[in-house]
Amino acid sequence: MLSGVLVVSAPGKVILHGEHAVVHGKVALAVALNLRTFLRLEPHSNGKVTLNLPNICTKQTWDVTSLQLLDTSFLDQGDIPAPTAEQVEKLKEVAGVPQNRAVPEHLAVLAFLYLYLAICRKQRALPSLDITVWSELPPGAGLGSSAAYSVCLAATLLTMCEDISNPLKDGDSVSRWPKEDLELINQWAFRGERVIHGNPSGVDNAISTWGGALRYQQGKISSLNSPPALQILLTNTKVPRSTKALVAGVRNRLIKFPEIVSPVLTSIDAISRECERVLGEMAAAPALEQYLILEELIDMNQYLLNALGVGHTSLDQLCQVAGAHGLHSKLTGAGGGGCGITLLRPGLSW
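An unreviewed UniProt entry lists the chain under the name Mevalonate kinase, with Heterocephalus glaber given as the organism. What UniProt records for the chain under Catalytic activity (unreviewed entry) is the sentence "(R)-mevalonate + ATP = (R)-5-phosphomevalonate + ADP + H(+)". For the chain, the Pathway (unreviewed entry) comment in UniProt is given as "Isoprenoid biosynthesis; isopentenyl diphosphate biosynthesis via mevalonate pathway; isopentenyl diphosphate from (R)-mevalonate: step 1/3."

Listed below in C-alpha cells is the structure:
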C-alpha cells in the first residue's frame with residue numbers, strides 16, 4: 001500500500017478529425033495538449049476519504065467506515081467493460097446526488113466514488129486518503145478535461161492498491177508507467193468516462209493516457225508516425241454544453257435518418273484517413289500544397305459536423321472570422337460550443 005504523497009498529471013487533447021464518428025466505429029485522429037490536469041493523493045489513517053476539486057468549487061468527505069458497510073456487490077464487473085446505468089444510479093444514492101441532476105460537480109464526484117470503490121474494494125480495508133485535483137483545462141470545452149481527471153484518478157488509485165507499480169524510484173521526481181500499466185490505467189479511465197458521459201468513444205482517455213498523436217478506432221490505438229509540428233490556434237467559445245447530450249443527439253439522428261446520417265459518418269471517416277495520409281507525407285518534407293489539402297479537409301469536416309447537429313452559432317462565427325483572414329477552422333470535441341481549432345500555416349504573420 002502506498003505510504004507517501006503521490007502527484008500525477010495527464011494531458012488534455014484536441015481531436016483533429018473524427019469526433020462523433022468515432023463513437024460509431026470510425027477513425028479519429030487526436031493529439032495531446034500541453035495543458036494538463038494534476039492530482040495529489042495523500043494517504044493517511046484518520047478514517048476519512050476527502051475529494052477536493054477547487055476548479056469547480058467542490059469538496060466532499062466520507063467516513064471510510066460508512067463506505068466499508070456499503071453493499072458494493074453491484075460493482076462486480078466480470079467481463080462488463082464499463083459501469084451500467086443501474087450501477088450509476090446506486091452510486092448516486094451513495095453520493096447523495098439527486099437522481100435527476102447531472103451537473104459537472106456531481107458527475108465528477110460519482111466518477112471518483114465509482115473508481116475508488118471498484119478499484120479499492122478488494123483491499124482488506126478501504127484506504128483513508130485525501131485527493132486534490134486541479135487543472136489547466138477548462139471544463140466542458142471539448143479538451144478532454146474529464147478524461148484527464150479519470151486518468152489521474154485511475155493511475156493513483158491503482159498505484160495505491162498496488163495493482164500497478166509505482167514508477168518513481170529512489171531519487172526520481174518524474175517518471176512514467178510502463179506500457180502494461182498504462183493499458184490498465186486506460187481501461188479504468190474509460191470506465192470513469194462512462195460514468196460522466198454515458199457512451200464516450202474512448203479516444204479522450206486514450207490520448208490522455210498515452211500522450212502524443214494517436215489514431216483511434218474501436219478501442220485500437222496506434223501512434224501517428226513522425227507527425228509534423230502543426231501550429232494550431234485554440235479558441236474557447238465559453239459556451240457550455242453536455243457531451244452526453246450531444247452524443248445522444250447524433251445517435252438519435254442516426255436512428256431516425258440512417259440512410260442520411262450513415263454516409264455523413266462514412267465521409268468523416270474518409271476525411272480522417274486522408275488527413276492521416278497527408279500527415280504521413282508531411283513528416284518528410286511539408287509543402288504548401290499539403291497545407292491546402294488540410295485546410296480543405298477542415299472545411300468539409302465542419303460542414304459535416306453541422307449536418308450532424310453538433311454545431312453552434314459561436315463556432316460558425318469563429319469559422320467566419322477565421323475565413324475573413326484566409327484561415328480555416330472547425331469545432332473540436334463534442335461541439336455545441338466548447339472549443340474550435342484553426343490551422344496556421346508556417347510563416348504566418350501576426
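**Q** An account of the pairing of strand β10 (residues 339-344) is needed here, citing residue identities and associated values.
**A** Burial within β10 is extensive, with six of its six residues counted as buried. Here β10 shows two buried faces, one formed by Cys339, Ile341 and Leu343 and the other by Gly340, Thr342 and Leu344. Examined bridge by bridge, strand β8 (residues 231-236) and β10 share six bridges and lie antiparallel to one another. Looking at β10, one finds that Leu233 is bridged to Thr342. Alignment of strand β9 (residues 328-332) against β10, held across five bridges, turns out to be antiparallel. By the bridge assignment, Ser329 is partnered in β10 with Thr342. Connecting β9 to the antiparallel partner β10 that follows it, the hairpin turn spans six residues, and Gly333 within it adopts a positive phi of roughly 90°.

**Q** How would you sum up the nonpolar core? Please name residues and give values.
**A** In terms of nonpolar packing, the biggest core is built from 89 residues, with Phe112, Tyr116, Leu129, Ile131, Tyr149, Leu157 and Ile185 touching the most fellow members. At 14 residues, helix α3 (residues 104-120) tops the list of elements feeding residues into this core. Counting residues in each nonpolar core, the second largest holds nine residues, with Val22, Ala28, Ala30 and Ala206 among its members.

**Q** Provide a residue-level description of the UniProt feature "domain: GHMP kinase C-terminal" (unreviewed entry) in the chain, including the pertinent values.
**A** Taken from the UniProt record, the annotation "domain: GHMP kinase C-terminal" (unreviewed entry) applies to residues 291-344. The span residues 291-344 shows a helical share of 54% and a strand share of 20%, and its end C-alpha atoms are spaced 9 Å apart.

Quick notes on the rules
Residues numbered from 1 in each chain as written. Predicted model: local features only at pLDDT ≥ 70, side-chain atom pairs only at ≥ 80, totals over all residues. Heavy atoms only, no water. UniProt positions renumbered as here; feature names shortened; annotations may be inferred. Buried < 20%, exposed > 50% of the residue type's maximum accessible area, 1.4 Å probe, protein only. Helix = DSSP H or I, 4+ residues; strand = E, 2+ residues; numbered from the N terminus. Pairing = 2+ DSSP bridges. Core = buried A, V, L, I, M, F, W, Y, C linked by side-chain atoms within 4.5 Å.

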